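Structural features, examined
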Amino acid sequence: MSLENHKVLYFTVTAILALLVASPALQHFLVYPQTEFFTELWLLGPEQKAENYPYNITQNVNNRVYLGIGNHLGECSSYRVDVKLRNQNTPGPDSFNRTPSALPSLYSFNIVVADGQIVQVPVDFSFSYREAGSQINFDTLTINSAQININGYSTSWNSTNQEYFEKLVFELYLYNSTLGGFQYHERFVDLRLNMLP
């Protein structure tokens with residue numbers, strides 16, 4: 001073997017060893033394509049902005065919000081939104097344990113969102129209720145023209161916050177083809193309300 005061949009072999013082996021030794025350090029500087037799959041869920045006020053949310057609710061008066069869903073899951077996805085009503089004494093969804101509220105769904109709707117698409121759905125709602133002393137007793141909740149009997153739901157006066165506290169909760173479910181049904185997608189938003197007597 002000639003001296004030239006030894007030099008080439010020496011430099012090749014040295015370069016390979018240098019790359020192997022330096023590879024852990026190089027990983028910090030190299031940019032690998034990364035894809036994070038997730039779904040966005042948000043709530044906007046009546047002007048489709050993050051402001052002027054309905055708060056002081058008068059019975060039989062229509063209120064509007066916009067529920068936004070952004071699909072970044074890498075494929076077209078089918079979602080279900082469950083609407084629930086809770087007061088200060090009933091549990092909401094648990095972010096820590098990633099579980100939905102145990103409250104029954106009062107209204108739900110399905111929506112299909114293509115990958116990379118953002119959809120904003122208008123949600124119109126109103127309540128009919130009666131004041132009974134320091135308590136509000138509900139009769140109906142109307143969501144997008146569907147009237148739901150919520151007789152038996154009530155809220156009490158909260159003297160600390162000076163309000164009849166209620167929350168309209170929107171929980172997101174994703175269709176799981178393996179299970180053949182919708183599964184809680186660990187996403188929810190809620191709207192704090194004060195029921196005016």
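Residues numbered from 1 in each chain as written. Predicted model: local features only at pLDDT ≥ 70, side-chain atom pairs only at ≥ 80, totals over all residues. Heavy atoms only, no water.

**What about the overall build of the chain?**
Across its full length, the chain holds 1 helix and 11 strands. Walking the chain from its N terminus toward its C terminus, one meets helices and strands in the order α-β-β-β-β-β-β-β-β-β-β-β. Residue burial in the chain is summarised as follows: out of 197 residues, 37% are buried. Counting contacts in the chain only where the partners sit at least 6 residues apart, residues at least 24 apart contribute 63% of the total. About 11,700 Å² of surface is accessible on the chain, with carbon and sulfur atoms providing 53% of the total. (Helix = DSSP H or I, 4+ residues; strand = E, 2+ residues; numbered from the N terminus. Buried < 20%, exposed > 50% of the residue type's maximum accessible area, 1.4 Å probe, protein only. Contact = heavy atoms within 4.5 Å. Areas by Shrake-Rupley, 256 points an atom, 1.4 Å probe, with all protein chains shown as cover.)

**Quick notes on the pairing of strand β6 (residues 118-132)**
The pairing of strand β3 (residues 63-72) with β6 spans 8 bridges and is classified as antiparallel. Considered in β6, the bridge of Gly 68 is made with Gln 120. Direction of pairing for β6 relative to strand β7 (residues 135-143): antiparallel, over a ladder of 8 bridges. Within β7, the position partnered with Arg 130 by the bridge is Asn 137. The hairpin turn running from β6 into β7, its antiparallel successor, is 2 residues long, and Gly 133 in that turn takes a positive phi close to 70 degrees. (Pairing = 2+ DSSP bridges.)

**Describing the pattern of salt bridges**
Overall, the coordinates contain 7 salt bridges when judged by the stated rule. Across the pair Asp 124 and Arg 64 runs a salt bridge, and its minimum N-O distance is 2.7 Å. With Asp 124 in strand β6 and Arg 64 in strand β3, the pair connects residues that are 60 residues apart, well separated along the chain. Note that Arg 80 is salt-bridged to Asp 82, the shortest N-O span being 2.9 Å. (Salt bridge = Lys/Arg side-chain N within 4 Å of Asp/Glu carboxyl O.)

**A word on the side chain of Asp 124**
A relative accessible area of 17% means that Asp 124 is categorised as buried. At 2.7 Å, the side chain of Asp 124 and the side chain of Arg 64 are in polar contact. Setting aside its immediate chain neighbours within four residues, Asp 124 contacts Asn 62, Asn 63, Arg 64, Thr 142, Ile 143 and Asn 144. (Polar contact = N/O pair within 3.5 Å; in protein donor to acceptor, adjacent residues only side chain to side chain.)

**What to know about the packing of aromatic side chains**
For the structure shown, the criterion picks out 7 aromatic pairs. Centre to centre, the rings of Phe 127 and Phe 138 are 5.5 Å apart; their planes meet at 55 degrees, and the pair counts as tilted. With Phe 127 in strand β6 and Phe 138 in strand β7, this pair connects stretches of sequence that are 11 residues apart. Here Phe 127 matches Phe 138 in class, with each residue buried. One aromatic cluster is present, formed by Phe 125, Phe 127, Tyr 129 and Phe 138 through successive ring pairs. (Phe/Tyr/Trp six-rings, centres within 6.5 Å; stacked < 30°, edge-to-face > 60°.)

**Quick look at a nonpolar patch on the surface**
There is a patch of nonpolar side chains on the surface, built from Leu 9, Val 13 and Leu 17 and spanning about 260 Å² of accessible area. Here Leu 17 is to be found in helix α1 (residues 3-26). (Patch = residues over 30% accessible without salt bridge, like charges linked within 9 Å, V, L, I, M, F, W, Y side chains within 5 Å.)

**Topic: the nonpolar core**
Counting residues in hydrophobic clusters, the biggest one holds 37 residues, and the most contacted among them are Leu 67, Phe 125, Phe 127, Leu 168, Phe 170 and Met 195. At 6 residues, the largest contribution of residues to this core is made by β6. In this structure, Met 195 is in contact with Ile 57, Phe 127, Tyr 129, Ile 136, Phe 138, Thr 155, Tyr 164 and Glu 166, ignoring residues within four places of it in sequence. (Core = buried A, V, L, I, M, F, W, Y, C linked by side-chain atoms within 4.5 Å.)

**With respect to the side chain of Asn 63**
Inspection of the secondary structure puts Asn 63 in strand β3. At 3.0 Å, the side chain of Asn 63 forms a polar contact with the backbone oxygen of Val 61. With near-sequence residues (within four places) excluded, Asn 63 lies in contact with Pro 54, Ile 57, Val 123, Asp 124 and Phe 125.

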